[in-house]
Amino acid sequence: MRIGLMIGSDKERSRADRLTGLLDDGKAAERDGFASFWIPQVPGYLDAMTAVALLGQVTDRIEIGTAVVPMQTRHPVIMAQQALTTQVACDGRFTLGVGPSHHWIISDQLGLPYDKPAPMVRDYLEVLDAAFTGPGPIAVENGNFRVHSPMNVTEDFGVGVLVAALGPAMLRIAGERTAGTILWMADERAIGDYVVPRITEAAKAAGRSGPRVVAGVPVALCSSSDTDRAREYASEVLGHADFSPNYVRLLEHGDAEDVGDTMAAGDESTVRTRLQSYRDAGVTDLAVRVVPLGQDRNTRNESRRRTQEFVASVISEFDSGA
């Protein structure tokens, strides 16, 4: 299991410092030995793919990915143009994480339709596949898109795609059409008993092998007496599951009731054991979302540092399968 970092919107930094701070975080993740660095597209916050392109210019080794960019907000040809340009900026280290997002973002915030997301995703991926095969014309007509367009960004790189797949239809699409899935709010049982079997079966039927299962997991190093409070805090700051029926349905396949229940929290031994349980469930890539604890900024910064340093210290044992 490869271990990377996942970030979110940074309310500790001023708006003027957020982009430079994100670049510093990416450079630090590479320096600390993390395999990957994942950036979500948070409503109203920094544009994820622009940030990835800039990170590609200040790092050399680390994989950089989006987790995830909503599909409805970008036509697939425009998404492909930006993704290929970003891939060039990253010298081949970019992974495009996409998904149909949630009704409260697509419909309530943006006023766009959120009807039949699975067929839309399948049709969208057909356009991306055509765009990523290399320079030349794109000619795709399906239920949602009618595309006849040139694509002439690069002949050196394609783009690996991961889909945020929470339901059976989406897992089937992810297995059949992409490199795998990227998850949030999925505990070990939901991953091992529900996600992995379905995406693996779909990939095998399509002649694909070894789909990636990237799991975003909150992590906090703390005393045993603070574990319950850490889980409650994580659910508050990361967004309760009941905001989205998609997450609620995913949680029903496991033991967790909210995002805090998926968290690796406690002392070093406890955190290590929880990370091992995700590996044993079939996670191929763990995207650690550090949750800093404390009543003031300095305490939270110290909490973040301690947690990130500990996770970095165990990267090699998980990567080797120990």
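Here the structure is a predicted model, which means the values were calculated and not measured. The residue count restarts for each chain, going from 1 along the sequence in the order it is written. In view of the model being predicted, local features appear only for residues whose pLDDT reaches at least 70, and side-chain atom pairs are presented and counted only at 80 or more, with totals across whole chains, interfaces and linings using the full set of residues. Remark: hydrogens and water are excluded; side-chain values derive from all non-hydrogen atoms of the structure.

> Could you clarify how one ought to interpret the environment of His103 in this entry?
Each helix corresponds to a stretch of at least 4 residues labelled H or I by DSSP, and each strand to a stretch of at least 2 residues labelled E; elements are numbered beginning at the N terminus. Secondary-structure assignment places His103 in helix H4 (residues 103-106). Each C-alpha atom of the pair His103 and Ser9 lies 20 Å from the other, and the pair is 94 residues apart in sequence. Any two residues whose heavy atoms approach within 4.5 Å at even a single point are treated as in contact. Once residues within four sequence positions are removed from consideration, His103 is found in contact with Asp108, Tyr114, Phe243 and Pro245.

> Any chance you could explain the pattern of salt bridges here in plain terms?
Side chains that differ in sign of charge can pair as their charged atoms come close. One side-chain nitrogen of Lys or Arg within 4 Å of one carboxyl oxygen of Asp or Glu is enough to make a salt bridge. Under the counting rule described, the total for this entry stands at 19 salt bridges. Notably, a salt bridge pairs Arg300 with Glu12, separated by 2.3 Å at the nearest N-O pair. Separated by 288 residues along the polypeptide, Arg300 in helix H11 (residues 297-313) and Glu12 in the loop between strand E1 (2-6) and helix H1 (18-31) bring together distant segments of the chain. Only protein chains enter the accessibility calculation, which uses a 1.4 Å probe. A residue is then buried if its area is under 20% of the maximum for its type, exposed if over 50%, and partly exposed in between. Judged by relative accessible area, which is 17%, Arg300 ranks as buried. Between Arg146 and Glu141 there is a salt bridge, with its nearest N and O atoms 3.8 Å apart. Both residues of the pair, Arg146 and Glu141, count as exposed. Bridged by salt links that share partners, the residues Arg2, Glu63, Arg212 and Asp285 form one connected network.

> Sorry if this is basic, but what is going on with the packing of aromatic side chains here?
Two measures describe an aromatic ring pair: the distance that separates the ring centres and the angle between the ring planes. Pairing of aromatic rings covers Phe, Tyr and Trp, the last counted by its six-membered ring, and requires centre-to-centre distances within 6.5 Å; plane angles under 30 degrees mean stacked, over 60 mean edge-to-face, and any other angle means tilted. This model, assessed by the stated rule, comprises one aromatic pair. Taking the centre distance of 5.8 Å and the plane angle of 80 degrees together, the rings of Tyr124 and Phe145 count as edge-to-face. Highlighted residues: Tyr124 in helix H5 (residues 117-132) and Phe145 in the loop between strand E6 (136-141) and strand E7 (146-151), separated in sequence by 21 residues. On the accessibility criterion, Tyr124 (1% relative accessible area) is buried.

> What am I meant to see in the UniProt feature "domain: Luciferase-like" (unreviewed entry) in the protein here?
UniProt positions are given in the numbering used here, feature names are shortened, and annotations may be inferred rather than shown by experiment. The positions UniProt marks with the feature "domain: Luciferase-like" (unreviewed entry) are residues 13-284. Along residues 13-284 one finds 44% helix and 18% strand; the C-alpha atoms at either end are 32 Å apart.

> Quick question: what am I supposed to make of the nonpolar core here?
The tendency in soluble globular proteins is for nonpolar side chains to be buried as a group. Formed by 104 residues in total, the largest nonpolar core has its most connected members in Leu96, Phe132 and Ile191. In terms of residues, this core owes the most to one element, H5, which gives nine residues. Every residue in contact with Phe132, bar those within four places of it in the chain, is listed here: Ala80, Ala83, Leu84, Leu96, Gly158, Val159 and Val161. Grouping buried Ala, Val, Leu, Ile, Met, Phe, Trp, Tyr and Cys residues that are joined through side-chain atoms within 4.5 Å yields what is termed a nonpolar core.

> For this particular structure, what's the right way to read empty space enclosed by the protein?
The rolling of a water-molecule-sized probe over the atoms marks out the regions of remaining empty space. Two kinds of site are reported from a 1 Å grid over the protein atoms alone, namely cavities, where a 1.4 Å probe fits but cannot get out, and pockets, open sets with protein on both sides within 12 Å along at least five of seven lines, and residues are called lining when an atom falls within 4 Å of a point. Grid points are joined across faces, edges and corners, and a volume is the space filled by probe spheres set on the points. Overall, the coordinates contain one cavity of 30 Å³ or more when judged by the stated rule. As for the largest cavity, its lining consists of Ile7, Gly8, Leu22, Ile39, Pro40, Tyr45, Leu46, Asp47, Ala48 and Ala51. Amino acids are sorted into nonpolar (Ala, Val, Leu, Ile, Met, Phe, Trp, Tyr, Cys and Pro), charged (Asp, Glu, Lys and Arg) and polar (every other residue, Gly among them). For the lining of the largest cavity, the residue count by class is eight nonpolar, one polar and one charged.

> Looking at this model, I keep getting lost on the layout of surface pockets. Mind explaining?
In this model, the second largest pocket occupies a volume close to 160 Å³. Taken together, 13 residues line the second largest pocket, and the ones lying closest to its centre are Gln72, Pro113, Asp115, Met120 and Asn144. Across the lining of the second largest pocket, the residue classes break down as eight nonpolar, three polar and two charged.

> Looking at this structure, I do not really get helix H3 (residues 76-89). What am I missing?
Take the number of residues in a helix, subtract one, and multiply by 1.5 Å to get its expected span. Compared with the 20 Å implied by 1.5 Å per residue over 14 residues, the 20 Å span of H3 between its first and last C-alpha is a close match. Residues Pro76, Val77, Met79, Ala80, Ala83, Leu84, Thr86, Gln87 and Ala89 constitute the buried set of H3. Here the buried face of H3 lies against helix H2 (48-58), strand E4 (69-70), strand E5 (94-99), H5, E6 and E7. Directly after H3, the chain includes Asp91, whose backbone phi takes a positive value near 55 degrees.

> Before we go on, may I ask you to explain the pairing of E7 in this structure?
Walk down a regular strand and you will see the side chains alternate between the two sheet faces. Where burial is concerned, the two faces of E7 differ: the one with Val147, Ser149 and Met151 is buried and the one with Arg146, His148 and Pro150 is not. One requirement defines pairing of two strands: DSSP has to find at least two bridges between them. Strand direction decides the pairing type here: E6 and E7, joined by six bridges, are antiparallel. By the bridge assignment, Ala139 is partnered in E7 with His148. Where E6 folds back onto E7 in an antiparallel hairpin, the turn is made up of four residues.

> Explain the packing of H5 against helix H6 (residues 168-177) to me, please; I cannot follow it from the model alone.
What describes two packed helices is the angle between their axes and the distance between those same axes. Angles here are taken between N-to-C directions and fall from 0 to 180 degrees, while the axes themselves are lines fitted to C-alpha atoms, restricted in helices to the stretch in contact. Viewed as axis vectors pointing N to C, H5 and H6 meet at an angle of 15 degrees, and their least axial separation amounts to 10 Å. In terms of their interaxial angle, H5 and H6 are classed as roughly parallel. Here H5 and H6 pass one another in a crossing that is right-handed. Of H6, the residues touching H5 (which contributes Ala118, Val121, Arg122, Leu125, Glu126 and Asp129) are Ala169, Met170, Arg172, Ile173, Glu176 and Arg177. In the contact of H5 with H6, the residues fall into six nonpolar, no polar and six charged. By the definition adopted for this analysis, an angle is roughly parallel if under 35 degrees, roughly antiparallel if over 145, roughly perpendicular if from 65 to 115, and oblique otherwise. By definition, any crossing whose near helix is turned counterclockwise from its far helix by less than a right angle is left-handed, and any crossing with a clockwise turn is right-handed.

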